[in-house]
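Next come the chains, spelled out residue by residue.
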Amino acid sequence: MTDDPSLMQMGTRHSLLHKLTTSWFFTPLSGPIFLTLEEVVERYRGRVSEGTLRNWRSIRIGLSFIKIGKAILYPLEELDRWDRRNLVVCRPSRSLPLEQAVE
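Because the structure is a prediction, the values reported are computed rather than measured. (Residues numbered from 1 in each chain as written. Predicted model: local features only at pLDDT ≥ 70, side-chain atom pairs only at ≥ 80, totals over all residues. Heavy atoms only, no water.)

I would appreciate a short explanation of the sheet that holds strand 2 (residues 66-68) in the present structure.
In any sheet, the strands associate via hydrogen bonds between backbone groups, in a parallel or an antiparallel arrangement. Reading across from one edge, 1-3-2 is the order of the 3 strands in this open sheet, with antiparallel pairing throughout. Pairing within the sheet leaves two strands with one partner each, and these edge strands are strand 1 (34-36) and strand 2. The sheet shows a mean angle of 40° between the axes of neighbouring strands, direction not considered. Here 3 bridges tie strand 1 to strand 3 (residues 71-75), and the two strands are oriented antiparallel to one another. Its bridge partner being in strand 3, F34 is matched across the sheet by P75. The strands that helix 4 (residues 76-85) touches are strand 1 and strand 3; relative to strand 3, the one it contacts most, it runs at about 55°. (Pairing = 2+ DSSP bridges. Helix = DSSP H or I, 4+ residues; strand = E, 2+ residues; numbered from the N terminus. Axes fitted to C-alpha atoms, helices over the stretch in contact; angles between N-to-C directions. Contact = heavy atoms within 4.5 Å.)

As structure tokens, then:
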């Protein structure tokens, strides 16, 4: 072992980087991004509860998910697709021209 603080700091940084890149929640920038159950609830501002998501998973409706062991993960790409599918598109209002409204 060395007493040089710069080398000790480098070893600590390397160790931390190794822990981050080998942990199960690390997602490379080029790969898919997954959200946890809690993050999905937060994304929808609590309007979709954990219980609702659990029920939807059990009857296979709603959001697509991946189950790895006990972990439930929701692909961000699938959440975006689900949002687009459930988007309500409104028609533009047909307001009367100003001359007709005055009559």
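For this particular structure, what's the right way to read the environment of S49?
Relative to the elements of secondary structure, S49 occurs in the loop between helix 2 (37-43) and helix 3 (50-59). Between the C-alpha atom of S49 and that of L37, which follows or precedes it by 12 residues, the distance is 9.2 Å.

Is there a simple way to explain the nonpolar core in this structure?
The tendency in soluble globular proteins is for nonpolar side chains to be buried side by side. Counting residues in hydrophobic clusters, the biggest one holds 13 residues, and the most contacted among them are V40, Y44, L53, L63, Y74 and L79. Secondary structure elements with two or more residues in this core: helix 2, helix 3, strand 3 and helix 4. No other element matches helix 2, which puts 3 residues into this core. (Core = buried A, V, L, I, M, F, W, Y, C linked by side-chain atoms within 4.5 Å. Buried < 20%, exposed > 50% of the residue type's maximum accessible area, 1.4 Å probe, protein only.)

Please clarify how the pattern of salt bridges should be interpreted in this entry.
Side chains that differ in sign of charge can pair as their charged atoms come close. Inspection of the entire model under this criterion finds 3 salt bridges. Notably, a salt bridge pairs D80 with R43, separated by 2.7 Å at the nearest N-O pair. Taken together, the positions of D80 in helix 4 and R43 in helix 2 put the pair 37 residues apart, joining distant regions of the chain. A residue is classified by how much of its surface remains accessible, and D80, at 29% relative accessible area, is partly exposed. The exposure class assigned to R43 is partly exposed, which follows from its relative accessible area of 28%. Taking the shortest distance from any N to any O, the salt bridge between R81 and E78 comes out at 2.3 Å. Placement of the pair is R81 and E78 together in helix 4, with a separation of 3 residues, close to one helical turn. Assessed through its relative accessible area of 31%, R81 is described here as partly exposed. On the accessibility criterion, E78 (21% relative accessible area) is partly exposed. (Salt bridge = Lys/Arg side-chain N within 4 Å of Asp/Glu carboxyl O.)

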